[in-house]
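# Understanding the architecture of this molecule
Residue strings, one per chain:
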Amino acid sequence: MRLAEAVVVVTGAGNGIGAAMSRRFAAEGATVVVNDLDADAARRVAADTGGLAVPGDASGEAGVRELVRTALDHHGRIDVFCANAGVASGGGPEVPDEVWDRAWELNVMGHVRAAREVLPHWLERGGGHFLATVSAAGLLTMLGAAPYSVTKHAALGFAEWLSVTYADRGVTVQALCPQGVRTDMLGNSGEAGERLLAADAVEPEQVADEVAAALGDDHFLILPHADVARMYARRAEDPDRWQAGMRKLQHHLDHG
Ligand SMILES: NC(=O)c1ccc[n+]([C@@H]2O[C@H](COP(=O)([O-])OP(=O)(O)OC[C@H]3O[C@@H](n4cnc5c(N)ncnc54)[C@H](O)[C@@H]3O)[C@@H](O)[C@H]2O)c1
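Residues numbered from 1 in each chain as written. Predicted model: local features only at pLDDT ≥ 70, side-chain atom pairs only at ≥ 80, totals over all residues. Heavy atoms only, no water.

## Focus: the overall build of the protein
Here is the rule: Put simply, DSSP H or I for four residues or longer makes a helix, DSSP E for two residues or longer makes a strand, and each gets a number counted from the N terminus. Throughout, the radius of gyration refers to the C-alpha atoms, and the reference size of a globule is 2.2 Å times the residue count to the power 0.38. Exposed residues in this analysis have more than 50% of their type's maximum accessible area, buried residues have under 20%, and partly exposed residues fall in between, with area computed by a 1.4 Å probe over protein chains only. The contact rule is simple, with two residues in contact once any of their heavy atoms fall within 4.5 Å. Using a 1.4 Å probe, accessible areas were evaluated by the Shrake-Rupley method; residue-level cover was limited to the displayed protein chains. Just so you know, the count uses Lys and Arg for positive and Asp and Glu for negative, and it drops His and the chain ends. The atoms used to mark charge sites are NZ of Lys, CZ of Arg, CG of Asp and CD of Glu.
Of regular secondary structure, the protein possesses 10 helices and 7 strands. Compactness check: the protein gives a C-alpha radius of gyration of 18 Å against a globular reference of 18 Å for 256 residues, within 12% of the reference. Expressed as lengths along the three principal axes of its C-alpha atoms, the size of the protein is roughly 55 × 40 × 35 Å. For the protein, buried positions account for 48% of its 256 residues. Of all intrachain contacts in the protein linking residues separated by at least 6 positions in sequence, the fraction that spans at least 24 positions is 66%. Roughly 11,900 Å² of accessible area belongs to the protein as shown, and the carbon and sulfur atoms make up 49% of that amount. Distance between charge centroids for the protein: 2 Å, based on 22 positive and 35 negative side chains.

Structural data, given as C-alpha cells:
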C-alpha cells in the first residue's frame, strides 16, 4: 500500500487520532476525505490537509453511504477506508440500553456499514484497504467500561472476519489497537482512564506515524504500545492467570 496519491477516507477525523492520521497521510501525498460528526472540526482538518470535508454520522447507514458516495463522486476511487470514529462508553450492565446501543452502532455497525458500502467498489477494482481503529480493549479489556470492551472485541472480530474472507480478492484489513492516546477521549475517561492509561499514553501523532509505516507492511494488528502484544499472548496462554492480574488492578481501582 503506497500512501502517495492514495485516496483515504477517515471517519471521526476532526480530532484526536483521526485528525493526526489525516495530517500524516496528507503529508505523505495522500488525498484525504475528512469525516466527523462535528462539521467545523471536519472542515478545519480538511482545510489543513487540502482534503475534502464530509461531515456526518459515521455510524448510521445513511451517513456512511453519503460519505462513500461523495468520496467516489469527487475522486473516482477509495484506496483506504479508516473506520476510526468511536465512542468510549463506561459502566457495566447497569448502564441504560441507549448507551450500549450507541457504542454498538458506532464502534461496530459503523465498521460493518462502511464495509458494506465500500466492498462492491473494491471487489470491482480488485482491491482496497480497510483500517479499523479498534483498541487494546478489543484484545484485552478496559476496566470499568463494559460497553467499550465488548464492542471493541466485536469490532476486532469483524475486522478479522473481513480479512480472512476477502484477502484473496485483494482486500487488506488491519486493526489498530492502541492503549492510551492523549486525545479528548482519554481526557474524558475519568479516574480509571487517568490511573490505568495516562502514564503510558502516547501522542496521536505517534500513532499516526505507526499507522503510516504499518500500511506498508500489511500486518493485521497495529500495536503502538509494545506491551499489548505481550499481554495478549499471556491472556491466550493462561486466561485464569491473566484475569487474576486484572482483578488485582480492579481491586486497586476500587480501594485505592
Ligand atoms: N484515545 C485513546 O486512548 C484511544 C485508545 C484506543 C483506541 N481509541 C479509539 O480511537 C478512535 C478515535 O478516538 P480518539 O481518541 O481520537 O477520540 P476523540 O474524541 O479525540 O475524537 C473522536 C472524533 O470522532 C468524532 N465522532 C464521534 N462520533 C462520531 C460519529 N458518529 N460519526 C463521525 N464522527 C464521530 C468526534 O466528533 C471526534 O472528533 C476511537 O475509535 C477510539 O475508540 C482511542
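Text resumes after the structure shown.
## What about the sheet that holds strand β1 (residues 7-10)?
The condition that has to hold: Note on pairing: DSSP must find at least two bridges between two strands before they are called paired. Axis lines are fitted through C-alpha atoms, for helices just across the contact stretch, and the angle between N-to-C directions can take any value from 0 to 180 degrees.
Ordered by their spatial adjacency, 7 strands build an open sheet running β3-β2-β1-β4-β5-β6-β7, and the pairing between neighbours is parallel. Only two strands of the sheet have a single neighbouring strand rather than two, namely β3 (52-53) and β7 (221-222). Here 6 bridges tie strand β5 (residues 128-133) to strand β6 (residues 171-176), and the two strands are oriented parallel to one another. Counterpart to H129 in the pairing with β6 is T172. Here helix α2 (residues 39-49) sits on the sheet and contacts β2 (31-34) and β3; the angle it forms with β2, its principal contact strand, is near 170°. Relative to β6, helix α5 (residues 146-166) is tilted by about 160°, and along the sheet it contacts β5, β6 and β7.

## Here we look at the state of the cysteines
Convention followed: In this description, the term disulfide denotes a pair of cysteine sulfurs within 2.5 Å.
All chains considered together, the criterion is met by 0 disulfides. C82 forms no disulfide, and the closest cysteine sulfur to it belongs to C177, at a distance of 14 Å. For C82, a relative accessible area of 0% gives the class buried. Judged by relative accessible area, C177 falls into the buried class, the value being 0%.

## Observations regarding the nonpolar core
Note the following rule: Working definition of a nonpolar core: buried Ala, Val, Leu, Ile, Met, Phe, Trp, Tyr and Cys residues. They are joined through side-chain atoms within 4.5 Å.
If you look at the biggest cluster of nonpolar residues, it comprises 41 residues, and the most contacted ones within it are V33, F81, F130 and L162. If you tally residues by element for this core, the top one is helix α4 (residues 97-125), at 8 residues. In contact with L162, not counting residues within four places along its chain, are A115, L119, F130, A167 and V173. Counting 29 residues, the second-largest nonpolar core is a separate cluster that includes F25, A46, V181 and V207.

## Topic: the site of the ligand
In plain terms, the rule: Proximity criterion: a residue is near a molecule or strand once any of its heavy atoms comes within 4 Å of it. The term polar contact refers here to a pair of N or O atoms within 3.5 Å; inside protein, the definition further demands a hydrogen-donor-capable atom paired with an acceptor-capable atom, and it admits residues adjacent in sequence only when both atoms are side-chain atoms. Gly falls in the polar group here, along with every residue not listed as nonpolar (Ala, Val, Leu, Ile, Met, Phe, Trp, Tyr, Cys, Pro) or charged (Asp, Glu, Lys, Arg).
Among the 27 residues in the neighbourhood of the ligand, the closest are listed as I17, D36, N84, Y148 and T183. Measuring from an oxygen atom of the ligand, one finds a side-chain N or O atom of N15 at 2.8 Å. In the model, an oxygen atom of the ligand is placed 3.0 Å from a nitrogen or oxygen of the K152 side chain. Alone, the ligand offers 840 Å² of accessible surface; in the complex the protein occludes 91% of this. Breaking the shell around the ligand down by element, the ones donating at least two residues are α1 (16-27), α4, α5 and α6 (184-187). For the shell around the ligand, the residue count by class is 10 nonpolar, 12 polar and 5 charged.

Fair warning: the whole summary comes from geometry, so function is off the table for now.
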